[in-house]
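# Structural overview for review
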Amino acid sequence: MEVPLRRPVTQDELPKAFATIARYLIDSFREVANENAARDTSAEYYDAKTSPTGPTTFRRAAAAGAFPTFKVGRKPMARRADVDSWIATQARTPKPKGQSGDDVDAAFFASLQPRRPSR
């Protein structure tokens with residue numbers, strides 16, 4: 001079976017052909033972007049990199065059970081509302097006179113460490 005040969009495209013028809021291809025590509029890109037946006041969890045959840053506490057404090061607090069977490073792969077995630085409410089409860093009180101900032105920081109991080117059962 002012979003394939004019929006197409007006639008050559010004239011220069012007047014090229015812009016219309018390119019516009020059709022461009023519309024098709026734009027529609028395809030929009031569909032993919034909308035699918036990816038539907039799966040985006042960044043607006044509702046924090047991970048260690050996006051948390052306002054910083055990665056180390058976020059991981060320590062998550063390991064200590066300060067707020068509920070779940071894992072996506074190996075990355076711990078937590079709801080923004082839970083992390084923000086935990087941060088609000090961690091407001092620092094003024095340092096008593098004679099106590100250095102290092103002592104307060106050490107006490108704060110010690111409270112985040114998981115407790116080991118006594119033997």
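Keep in mind that this is a model prediction, so the values were computed, not measured.

### Quick word on the overall build of the chain
When helices and strands are tallied, the chain shows four helices and three strands. Sequence-ordered secondary structure for the chain, helices as α and strands as β, is α-β-α-β-β-α-α. If you take every contact in the chain between residues at least 6 apart in sequence, the share linking residues at least 24 apart comes to 54%. Looking at the chain as shown, the accessible area adds up to about 10300 Å², and 56% of this sits on carbon and sulfur atoms.

### Considerations on the packing of aromatic side chains
Considering all chains together, one arrives at three aromatic pairs under this definition. Each ring, one from Tyr 45 and one from Phe 70, has its centre 5.4 Å from the other, and the planes form 90 degrees; the classification is edge-to-face. Of this pair, Tyr 45 sits in strand E1 (residues 45-46) while Phe 70 sits in strand E2 (residues 70-72); the two residues are 25 residues apart in sequence, bridging distant segments of the chain. A centroid spacing of 5.4 Å and a plane angle of 35 degrees characterise the contact between Phe 58 and Phe 67, whose relative ring orientation is tilted.

### Focus: the sheet that holds E2
Read from one edge of the open sheet, three strands run E1-E3-E2, paired in antiparallel fashion. The open sheet has two edge strands, E1 and E2, and neither has a second partner. In the sheet, E2 pairs with strand E3 (residues 75-79) via three bridges, with the strands oriented antiparallel. Looking at the pairing, Val 72 lines up with Lys 75 of E3.

### Some thoughts on helix H3 (residues 80-89)
Among the residues of H3, those classed as buried are Asp 82, Val 83 and Trp 86. The buried side chains of H3 occupy one side of the element, clustering within an arc of 95 degrees when seen end-on.

### Some remarks on the confidence of the model for the chain
Of the residues in the chain, 75% reach a pLDDT of 70 or more, and the chain-wide mean stands at 79. Per-element averaging of pLDDT across the chain places helix H4 (residues 101-112) at the bottom with 68 and helix H2 (residues 55-64) at the top with 91.

Reading guide: rules and limits
- Here the residue numbering is sequential within each chain, running from 1 through the sequence in written order.
- Residues qualify for local features only when their pLDDT is at least 70, as the model is predicted, and side-chain atom pairs are given and counted only at 80 or more; totals for whole chains, interfaces and linings, by contrast, use all residues.
- Side-chain calculation: all heavy atoms of the structure are included, whereas hydrogens and water are not.
- Strands here mean DSSP runs of E at least two residues long; helices mean DSSP runs of H or I at least four residues long; both are numbered from the N terminus.
- Two residues form a contact once any of their heavy atoms are found within 4.5 Å.
- Per-residue and other accessible areas follow the Shrake-Rupley method at a 1.4 Å probe size, with only the shown protein chains counted as cover for residues.
- Ring pairs are drawn from Phe, Tyr and Trp, using the six-membered ring of Trp, whenever the two centres fall within 6.5 Å, and their geometry is named by plane angle: stacked under 30 degrees, edge-to-face over 60, tilted for the rest.
- Pairing between two strands requires that DSSP report at least two bridges joining them.
- Per-residue accessibility, obtained with a 1.4 Å probe over protein chains only, is compared with the maximum for each type, and a residue is labelled buried under 20%, exposed over 50%, and partly exposed between these values.
- Arc definition: directions from the helix axis to the C-beta atoms.
- Confidence scores here are pLDDT values: one per residue, from the predictor, ranging 0 to 100.

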